[in-house]
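Commentary on secondary and tertiary structure
Below, each chain spelled out in residue letters.
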Amino acid sequence: MSEGTMAVVKPEMKSYIWVQTADGSIQQVEEEVAMFCPMICREVLQTGMGSSKNYAISLPQRVNPATLGLILDYCRFHQLQGRSNKERKIFDEKFVRLDTEKLCELASAADSLQLRPLVDLTSRALARMIEGRTPEEVREIFNIPDDLTEEEKLEPLRNITDDPHIRLLNRLYARKRKELKEREQLKNIENEEERVDKRSVDDLLSFINGGDGDSKGVRAIKNKKKNRKRKDQPRNSSSNNGNGDHKKTDTVDNVASPTKSSKFQDSLPVTFSPNLEFVEDDIDDELDPAMKEKIDREVEDFARRLNSVWPKRVQESVSLGSERLVPMSVYGSGSFNRFNGFGKQQ
Amino acid sequence: MKRNKRSTSDVISNLPSNVTKNILKDLPLREAVRTSILSSKWRYKWKKLPQLVFDDTFFLKVRDNEKLKAVIYQVLLFHQGPLMKFELWYPPFGSCLDINNWIFILLTKNIQEFSFYLEAGFPYHEIPRHLYSLLQLRELNLSYCILKPPPTFKGFSRLVNLDFCHVNISSKMCGLFISNCPLLEQLSLRHCADFDSLEINAPNLKYFDFFGIFVSVSLENTPLLAEISVTLISWGTTRDKEPEEADSEWVKFFPSLPAIEKMNLHGAFLESFAAYNVPERLPCTLNQLKVLILYDVCYSNLDHVSWALCLLRSSPNLRKLRSTLREVEILHFSGAEPEIHFVKMLLAHSKVLERMKILHEYGISDEKGFAISKELIRFPRTSPKAEVIVDVTPDG
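**Side note on the overall build of chain A**
Regarding its fold elements, chain A presents 17 helices and three strands. Per-residue burial for chain A yields a buried fraction of 49% across its 346 residues. For chain A, contacts bridging at least 24 residues in sequence account for 62% of all contacts bridging at least 6. In the structure as shown, chain A presents an accessible area of about 18,300 Å², 49% of it carried by carbon and sulfur atoms.

**Section: the overall build of chain B**
When helices and strands are counted, chain B shows eleven helices and 17 strands. The buried share of chain B, taken over its 396 residues, is 57%. Considering only residue pairs separated by 6 or more positions, chain B has 64% of its internal contacts joining residues 24 or more positions apart. Accessible surface computed for chain B: about 17,000 Å², of which carbon and sulfur atoms make up 49%.

**Here's the deal with helix α11 (residues 366-378) of chain B**
Residue and element names in this part refer to chain B. Counted at 1.5 Å a residue, the expected span for α11 with its 13 residues is 18 Å, and the 19 Å between its end C-alpha atoms agrees. Turning to α11, its buried residues are Gly-369, Ile-372, Ser-373 and Leu-376. One side of α11 carries all its buried residues, which in axial view fall inside an arc of 100°. Relative to its buried face, α11 has exposed residues pointing more than 90 degrees away, namely Glu-367, Phe-370, Lys-374 and Arg-378.

**What to know about the pairing of strand β16 (residues 355-360) of chain B**
Each regular strand shows side chains that alternate between the opposite faces of the sheet. Residues and elements named next belong to chain B. Pairing geometry for β16 and strand β17 (residues 387-392), over six bridges, is parallel. Bridged to Arg-355 within β17 is Glu-387. Handedness of the β-α-β unit built from β16, α11 and β17 comes out right-handed.

**Comments concerning the pattern of salt bridges**
Within the structure shown, the criterion is met by 14 salt bridges over all chains. Between Glu126(B) and Lys148(B) there is a salt bridge; the shortest N-O distance is 3.8 Å. In this pair, Glu126(B) sits in strand β4 (residues 125-126) while Lys148(B) sits in the loop between β5 (139-146) and β6 (161-168), placing the two residues 22 residues apart along the sequence. Ionic contacts of the salt-bridge type, sharing partners, join the residues Glu30(A), Asp73(A) and Arg76(A) into one network.

**Some thoughts on the confidence of the model for chain A**
Residue and element names in this part refer to chain A. On average, residues of chain A carry a pLDDT of 62, and 43% of them reach 70 or more. For residues 159-163, every residue scores under 50 in pLDDT, and the model assigns this stretch ten contacts once sequence neighbours within four places are set aside. Confidence over residues 193-288 falls short of pLDDT 50; this stretch has 166 contacts with residues more than four positions distant or in other chains.

**Description of the nonpolar core**
Core analysis: the biggest nonpolar cluster contains 163 residues, and Leu140(B), Phe208(B) and Met263(B) have the highest contact counts within it. If we skip the residues at most four places from it in the chain, Phe208(B) touches Leu187(B), Leu189(B), Leu198(B), Ile200(B), Leu219(B), Leu225(B), Glu227(B), Ile228(B) and Ser229(B).

**Describing helix α7 (residues 135-142) of chain A**
All names here are of chain A. Buried within α7 we find Pro-135, Val-138, Arg-139 and Phe-142. Viewed along the axis of α7, the buried residues span an arc of 100°, placing them on a single side of the element. Phi turns positive, to about 60°, at Asn-143, one or two residues after α7.

**Quick word on the environment of Leu294(B)**
With respect to the secondary-structure elements, Leu294(B) resides in strand β13 (residues 291-295). Spatially, the C-alpha atoms of Leu294(B) and Ser229(B) are 9.9 Å apart, while their sequence positions differ by 65 residues.

**Quick notes on the sheet that holds strand β1 (residues 16-20) of chain A**
All names here are of chain A. Taken in spatial order, the three strands make up an open sheet running β2-β1-β3, and their pairing is mixed. In the strand order of this sheet, the two ends are held by β2 (26-30) and β3 (57-58), each with one partner. Relative to β2, β1 is paired through five bridges, and the arrangement is antiparallel. Across the sheet, residue Ile-17 finds its bridge partner in β2, namely Val-29.

**Some details on the confidence of the model for chain B**
Looking at chain B as a whole, the pLDDT averages 82, with 85% of positions reaching at least 70. Segment residues 1-6 of chain B is flagged for pLDDT under 50; beyond a separation of four residues in sequence, or across chains, it makes ten contacts in the model.

**Quick notes on unusual backbone geometry**
Phi at Gln114(A) is positive, roughly 60°, even though this residue is not glycine. Its location among the elements puts Gln114(A) in the loop between α5 (100-112) and α6 (116-130). Its identity as a non-glycine residue notwithstanding, His166(B) has a phi of 55°, on the positive side. One can find His166(B) in strand β6.

**Quick word on the packing of aromatic side chains**
Enumeration over the complete set of coordinates arrives at 21 aromatic pairs over all chains. Aromatic side chains Phe91(A) and Phe95(A) sit 5.4 Å apart centroid to centroid with 20° between the ring planes, which places their arrangement in the stacked category. Remark: Phe95(A) and Phe91(A) occur in helix α4 (residues 85-95); sequence separation between them is four residues, near one turn of the helix. Taken individually, Phe91(A) and Phe95(A) each receive the classification buried, so the pair is uniform in this respect. Cation over ring: Arg30(B) sits above Phe58(B), and NZ or CZ is 5.3 Å from the ring centre. Between the NZ or CZ atom of Lys45(B) and the centre of the ring of Trp42(B), over which it lies, the distance is 5.2 Å.

**Let's talk about the packing of α6(A) against helix α1 (residues 17-25) of chain B**
At a closest axis distance of 8 Å, the pairing of α6(A) and α1(B) adopts a crossing angle of 55°. Classified by the angle their axes make, α6(A) and α1(B) are oblique. The two elements α6(A) and α1(B) meet at a crossing, and its hand is right-handed. Residues Arg116(A), Val119(A), Asp120(A), Ser123(A), Leu126(A), Ala127(A) and Ile130(A) of α6(A) touch α1(B), and the partners they reach there are Val19(B), Asn22(B), Ile23(B) and Lys25(B). Tallied by class, the residues present in the contact of α6(A) with α1(B) amount to six nonpolar, two polar and three charged.

**So, the side chain of Ser188(B)**
One can find Ser188(B) in strand β7 (residues 186-190). In contact with Ser188(B), not counting residues within four places along its chain, are Leu162(B), Asp163(B), Phe164(B) and Asp209(B).

**Thoughts on the side chain of Asn22(B)**
Position of Asn22(B) among the secondary structure elements: in helix α1. Under the relative-accessibility criterion, Asn22(B) is labelled buried at 6%. A distance of 3.3 Å separates a polar atom in the side chain of Asn22(B) from a polar atom in the side chain of Arg116(A).

**Concerning the environment of Tyr132(B)**
Residue and element names in this part refer to chain B. One can find Tyr-132 in the loop between β4 and β5. Note: C-alpha distance between Tyr-132 and Thr-152 (20 residues apart in sequence) is 9.3 Å. Excluding residues within four positions of it along the chain, Tyr-132 makes contact with Ile-127, Leu-147, Lys-148, Pro-149, Pro-150, Phe-153, Phe-156 and Phe-177.

**Side note on the packing of α6(A) against α7(A)**
All names here are of chain A. Closest axis-to-axis distance for the α6/α7 pair is 9 Å, and the angle between their directions is 135°. As the angle between them shows, α6 and α7 are arranged oblique. Judged by residue contacts, Leu-126, Met-129 and Ile-130 of α6 engage Val-138, Ile-141 and Phe-142 from α7. Split into classes, the residues belonging to the contact of α6 with α7 amount to six nonpolar, no polar and no charged.

Conventions used here
- Residues numbered from 1 in each chain as written.
- Chains lettered and ligands numbered in written order.
- Predicted model: local features only at pLDDT ≥ 70, side-chain atom pairs only at ≥ 80, totals over all residues.
- Heavy atoms only, no water.
- Helix = DSSP H or I, 4+ residues; strand = E, 2+ residues; numbered from the N terminus.
- Buried < 20%, exposed > 50% of the residue type's maximum accessible area, 1.4 Å probe, protein only.
- Contact = heavy atoms within 4.5 Å.
- Areas by Shrake-Rupley, 256 points an atom, 1.4 Å probe, with all protein chains shown as cover.
- Expected span 1.5 Å × (residues − 1).
- Arc of directions from axis to C-beta.
- Pairing = 2+ DSSP bridges.
- Right-handed = clockwise from strand over helix to strand, strands pointing away.
- Salt bridge = Lys/Arg side-chain N within 4 Å of Asp/Glu carboxyl O.
- pLDDT = per-residue confidence, 0-100.
- Core = buried A, V, L, I, M, F, W, Y, C linked by side-chain atoms within 4.5 Å.
- Phe/Tyr/Trp six-rings, centres within 6.5 Å; stacked < 30°, edge-to-face > 60°.
- Lys NZ or Arg CZ within 6 Å of the ring centre and 35° of its normal.
- Axes fitted to C-alpha atoms, helices over the stretch in contact; angles between N-to-C directions.
- Parallel < 35°, antiparallel > 145°, perpendicular 65-115°, else oblique.
- Left-handed = near helix turned anticlockwise from the far one by under 90°.
- Nonpolar A, V, L, I, M, F, W, Y, C, P; charged D, E, K, R; others polar.
- Polar contact = N/O pair within 3.5 Å; in protein donor to acceptor, adjacent residues only side chain to side chain.

This is the structure in structure tokens:
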């Protein structure tokens, strides 16, 4: 520059990018720092924006000025190549020592700027705050409103939309009970343990199939079988209205019965062996009355046993509705019949 | 997002789903599902988890196997959307048909990583045909299973990592399996059924780890293999080879490793190569070889030592040698550079070395002998007890 001598020291020739946050404020950011964010990088390269105040890049709504500041701090540190892994780790750990709200905002903003490493870092920090804590503690930390009914808390896996997979589960269990019955018939002498196991599975199955804790359940099994033969018929209305309402889900039927439906063969590129566990053809012969009664009695028995056998602290830590069988709630014909023996005592 | 008063806003429930998924992914599965009772907004967030890992944090010493299985069914069936990873670690109920059902459910989930580790003591689990339809698989880890791929199986075209531990599969099937996975980069076969001849045709293979029994292994097409580790448990079976046959094997083996950087070889493996004709130098130089680990190498065994020397002579860029020697006797030491290098390495890395005996070639001049000794004595020794004896190979 031949302008004669100048006493003033020229500032460093850094380039800046102009960005605008959702609240309207515009600011300059060092280019190399800003380009660390994929979203900004893309905007600059594809649209050429950001070169002046009038053409500032509009940042996503979730990036407010304060959060932007934090993000830029992160970028400024990490975009330097020479840093060791240890240094980066130390920085990261200190960086996420923020209150929960700030952390959430940061995660959100980083996500909208597509800054993956920061998203991972913040998510992990948030996960650490949740891990090992009871739901009440988590609610308190994050100000989550406690707006579920007690009932809802007991059945966290309830499905609001009918899911064809639930029916599949139903079939699975029905099949399983059949296998067990067969085994039972084969054996002449049952030893104690085996009886207990089978009994508990029978109970589970009847829960699922019946929904109600009474003999209706058994009828449902019978009806299901009839229904399956005439696939297009709606399910028996006496049980499980939940199922009766939903649209025909032939796909599920097809998926499970290899021989019957050729439709299936086209939809799934799988050839099933004849020993497929998911065969629905030959499920459940009619149960004899003695069996029905046995089931009814054992249903109650099981519930009682569960309650006593399942130690309290495990009940608490196992809050999947405490291993509640979800199908129970789905098949509970509209009025959910909560089984008191099951699950978390409130 | 409207900003409420700082102290009372429930920010975490309104995070973008990407972030929520990320958070839940870092939690043990139980806790992730438990978030469903936090609030109405949290009810179904867990359903889109990108991975399902059923491990000890899930099983938690619960004894009721039926209950556990029921829950796994529920979780699988309630899960929505694509599932990247499914892992089942040492389930207390062992091998059962339910596992096959779960694999079936995974068919609709675009699963990319499937890991199933059964424990020792349970009967092996026969993997159902559903598994071979998981065509999106990039990673497959199996333990204590029986594999019988159907004839229609064309391989996993996207598979990158394969780990079989205690898997029963025939050598032929295994070779076919591998060659039908063209993108395979990491292969680990440990304690699998006795292989007679194992053929590895894997153009992208970078890492190969073998622990078990085979009679012969041939690396058909492994130009990129950078790291190899071979442990033969028993060499008994390999003794029956004809010398020519054995020779032809190493002739093929080492040249098929042009890119090798790290070799971890078990003595028995070296022995399997040749009973009679250990070459002085390999026909190819292992230019990339930087780390050589030889274990269970019996250095009083001529073959082993010869092979070790041969490898060393052929590895000009070797940086690290690891061995568990106590006593070394090197015969016909010629003082050539690679051998000196070898001795230096041995001294530097053999922590339990007690005695090293270096016997010069017969006919070496005194001066040369003395010069060599001088040099050898100076080398640093890791083992405090190491004793270096230099002498002349006895005549005859």
